[in-house]
Amino acid sequence: MPELPEVETIARGLAATIVGKRIARVDVRLKKMAPAPPGVRWSSVVGERVIGIGRRAKYAVLTLESGRALVTSLRMTGRLVVQRPHETDYPGTHVVLGFDDGSRLSFADVRTFGRMRLVLPGEPWDAELGVEPLSTGFTPEAFIGMLRGRTTPIKALLLDQRRVAGIGNIYACEALWEARIRPSRPSRALTKPAIRRLHNAIVDVLERALDLRGTSVDDYVDAEGLRGGFQNALAVYGRLGEPCLRCGAPIVRTVLAQRGTWWCRACQR
DNA sequence: CCGCCGCCCTGCTTGC
DNA sequence: TGCAAGCAGGGCGGCG
């Protein structure tokens, strides 16, 4: 499921292939996946040039020359894949942007949970999103402040995009394991050294996953359709019953904040 | 404001 | 063998 490292990898791939191209065609086959803003037609993006591609939290952001942006949330099974002129559509394609050179950007999602939005200039679409964990704004002190007084389990806080933006279930599990912290611990019960360990672990896990172009446990592929490599480096996620890489105890799975949670009872406290 | 919960959706895995 | 139930989960809206 695409989290920060996966979306960043996709965005970098798209930057290399579609920046500078002009949109020649838009085909929204499933309207709920790309609802047009009130009073705006999707056809209005035809003729616009793509001037940049980036990422905010788990969203891929295509900037158009008018200052508008295409903001895509891939949720679990969404894909953004660039296709050559005569390649057949990627399976499950619901939205297609055709470019002036005949290449296409396909937005595919078998489960149709993903969404693509057309954001108008100045629209504060990301106002509710928290700090980027790989930015200089994510300091240990800022993180300590976020946890202060909060009763919510630390894992639920990591998944809350209003605090730190971009962490999903896989990297929340992995960072908590690396920091040796039990996922259910109330945020306010973490000592400052533990919060600092977790801060380090979040940055470390995300950077290592980014180096390996993300995690492909089942669906994720990048803009070229290639799988990532971090699934081979996972310490706990999906490893039910297998030995903890640190202490050898079997990894357990519980449910926390409606999410499967993999962790080591022996060395995460 | 905060925390919790249900819903959306389909493909794959598991179990009888 | 075949079918049904269970599971995967990000974001959002509703509720207390």
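Quick caveat, the model's predicted, so the values are computed rather than measured.

Asks: Would you mind going over the packing of helix α1 (residues 4-18) against helix α5 (residues 192-211) with me for this structure?
Replies: For any two helices packed against each other, the geometry comes down to the angle between their axes and how far apart the axes lie. Contact geometry of α1 with α5 gives a least axis separation of 9 Å together with a crossing angle of 40°. Along this stretch, α1 crosses α5, giving a crossing that reads as right-handed. On the side of α1, the interface is formed by Leu 4, Pro 5, Glu 8, Thr 9 and Arg 12, while α5 contributes Leu 206, Ala 209 and Leu 210. For the contact of α1 with α5, the class distribution of residues is five nonpolar, one polar and two charged.

Asks: Explain the pairing of strand β10 (residues 259-264) to me, please; I cannot follow it from the model alone.
Replies: Along any regular strand, the residues point their side chains to alternate faces of the sheet. Among the six residues of β10, five are classified as buried, and the element is accordingly described as predominantly covered. Taken together, strand β9 (residues 251-256) and the strand that follows it, β10, pair antiparallel across an intervening segment of two residues, in which Ala 257 is found at a positive phi of about 55°.

Asks: Explain the packing of aromatic side chains here, please?
Replies: For any pair of aromatic rings, the description consists of the separation of the ring centres together with the inter-plane angle of the planes. For the structure on display, the rule yields four aromatic pairs. Between Tyr 59 and Trp 125 the ring centres are 5.3 Å apart and the planes differ by 75°, which places this aromatic pair in the edge-to-face class. Note that Tyr 59 is positioned in strand β3 (residues 59-64) and Trp 125 in the loop between β8 (115-119) and α2 (140-147), a separation of 66 residues in sequence. Seen in terms of ring centroids, Tyr 171 and Phe 230 are 6.0 Å apart; in terms of plane orientation they differ by 45°. Their pairing is tilted. Residue Tyr 171 is found in helix α4 (residues 169-178), and its partner Phe 230 is found in the loop between α5 and β9; the two are separated by 59 residues along the sequence.

Asks: What am I meant to see in the protein's contact with DNA strand B here?
Replies: In the vicinity of DNA strand B, the residues found are Lys 32, Val 110, Arg 111, Thr 112, Phe 113, Arg 150, Thr 151, Thr 152, Arg 163 and Gln 258. Of all atoms in DNA strand B that approach within 4 Å of the protein, 62% are sugar or phosphate atoms. A distance of 2.4 Å separates a phosphate oxygen of DNA strand B from a polar side-chain atom of Arg 150. One nitrogen or oxygen atom from the side chain of Gln 258 is found 3.5 Å from a phosphate oxygen belonging to DNA strand B. Considered class by class, the residues forming the surface near DNA strand B number two nonpolar, four polar and four charged.

Asks: Just to check I follow, could you spell out the nonpolar core for this structure?
Replies: Core analysis: the biggest nonpolar cluster contains 40 residues, and Phe 143, Leu 198 and Ile 202 have the highest contact counts within it. Listed by contribution, the elements that provide at least two residues to this core are α2, α3 (154-159), α4, α5 and β10. Per-element tally for this core: the top contributor is α5, with eight residues. Contact partners of Ile 202, with chain neighbours within four places excluded, come to Pro 133, Phe 138, Phe 143, Leu 158, Ile 167 and Ala 175. Core analysis: the next-biggest nonpolar cluster, separate from the first, contains 30 residues, Met 33, Leu 80, Val 95 and Leu 105 among them.

What counts and what doesn't
- Residues numbered from 1 in each chain as written.
- Chains lettered and ligands numbered in written order.
- Predicted model: local features only at pLDDT ≥ 70, side-chain atom pairs only at ≥ 80, totals over all residues.
- Heavy atoms only, no water.
- Axes fitted to C-alpha atoms, helices over the stretch in contact; angles between N-to-C directions.
- Helix = DSSP H or I, 4+ residues; strand = E, 2+ residues; numbered from the N terminus.
- Left-handed = near helix turned anticlockwise from the far one by under 90°.
- Contact = heavy atoms within 4.5 Å.
- Nonpolar A, V, L, I, M, F, W, Y, C, P; charged D, E, K, R; others polar.
- Buried < 20%, exposed > 50% of the residue type's maximum accessible area, 1.4 Å probe, protein only.
- Pairing = 2+ DSSP bridges.
- Phe/Tyr/Trp six-rings, centres within 6.5 Å; stacked < 30°, edge-to-face > 60°.
- Near = heavy atom within 4 Å.
- Polar contact = N/O pair within 3.5 Å; in protein donor to acceptor, adjacent residues only side chain to side chain.
- Core = buried A, V, L, I, M, F, W, Y, C linked by side-chain atoms within 4.5 Å.

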